[in-house]
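Structural overview
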Amino acid sequence: MKSISGKRLCKIVEQKGWVLQRITGSHHIYERPETGQVLSIPVHRNQDLKVGTLKALMKIAQLSEKDLL
């Protein structure tokens, strides 16, 4: 799996229906209005997320590898 940046992941989850609630430091906090789920994405300049972090965020957001392309 190829890693992507936090900025890119933010754009993807916004397209999937997540809504940005607030930005706390370098973390963008998203919420899914239907379920109330919360997702915290670290955005550190344009650095790629670590693979483990990316997989965990994808699991919460119910994303597949196809969604990242």
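Everything that follows concerns the structure shown earlier in this document.
Throughout, residues of each chain are indexed from 1 in the direction in which the sequence is written. Reporting in this predicted model follows two pLDDT cut-offs: at least 70 for local features of residues, and 80 or more for side-chain atom pairs to be given and counted; totals over whole chains, interfaces and linings ignore these cut-offs and use all residues. For the side-chain quantities, the full set of heavy atoms in the structure was used; hydrogens and water were omitted.

1. Remarks on helix α1 (residues 6–15)
Residues spaced three or four apart along an α-helix point in a common direction, a consequence of the helix completing one turn every 3.6 residues. For clarity, the cut-off: For the exposure calls, accessible area comes from a 1.4 Å probe over protein chains only, and a residue counts as buried if that area is under 20% of its type's maximum, exposed if over 50%, partly exposed in between. Secondary structure elements follow DSSP: runs of H or I of four or more residues count as helices, runs of E of two or more count as strands, with numbering from the N terminus. In this description, one arc is meant: the one made by directions from the helix axis to the C-beta atoms. The contact criterion used is simple: two residues touch if any of their non-hydrogen atoms lie within 4.5 Å.
Listed in full, the buried residues belonging to α1 are Gly6, Leu9, Cys10, Ile12 and Val13. The arc that holds the buried residues of α1, viewed along the axis, is 165°, so those residues lie on one side. Opposite its buried face, α1 presents the exposed residues Lys11 and Gln15, each directed more than 90 degrees away. Summarising the contacts, the buried residues of α1 are in contact with β2 (27–31), β3 (38–42) and α2 (51–61). Positive phi shows up at glycine 17, right after α1, with a value of about 105°.

2. Let's talk about the pairing of β3
Using the following cut-off: A pair of strands counts as paired when DSSP detects no fewer than two bridges linking them.
Inspection of the sheet shows β2 paired to β3 by 5 bridges, in the antiparallel sense. Bridge assignment links isoleucine 29 to a residue of β3, and that residue is serine 40. Hairpin connection from β2 to β3: 6 residues lie between these consecutive antiparallel strands, with glycine 36 at a positive phi of about 80°.

3. Notes on the sheet that holds β2
Whenever strands of a sheet pair, they do so through backbone hydrogen bonds, lying parallel or antiparallel. The criterion, for reference: As a rule, the C-alpha atoms of each element are fitted with a line to give its axis, helices using only the stretch in contact, and angles between N-to-C directions run from 0 to 180 degrees.
The sheet built from 3 strands is open, its strands ordered β1-β2-β3 with antiparallel pairing. The sheet terminates laterally at β1 (19–24) and β3, the two strands that pair on one side only. Within the sheet, the average angular offset between the axes of one strand and its neighbour, ignoring direction, is 25°.

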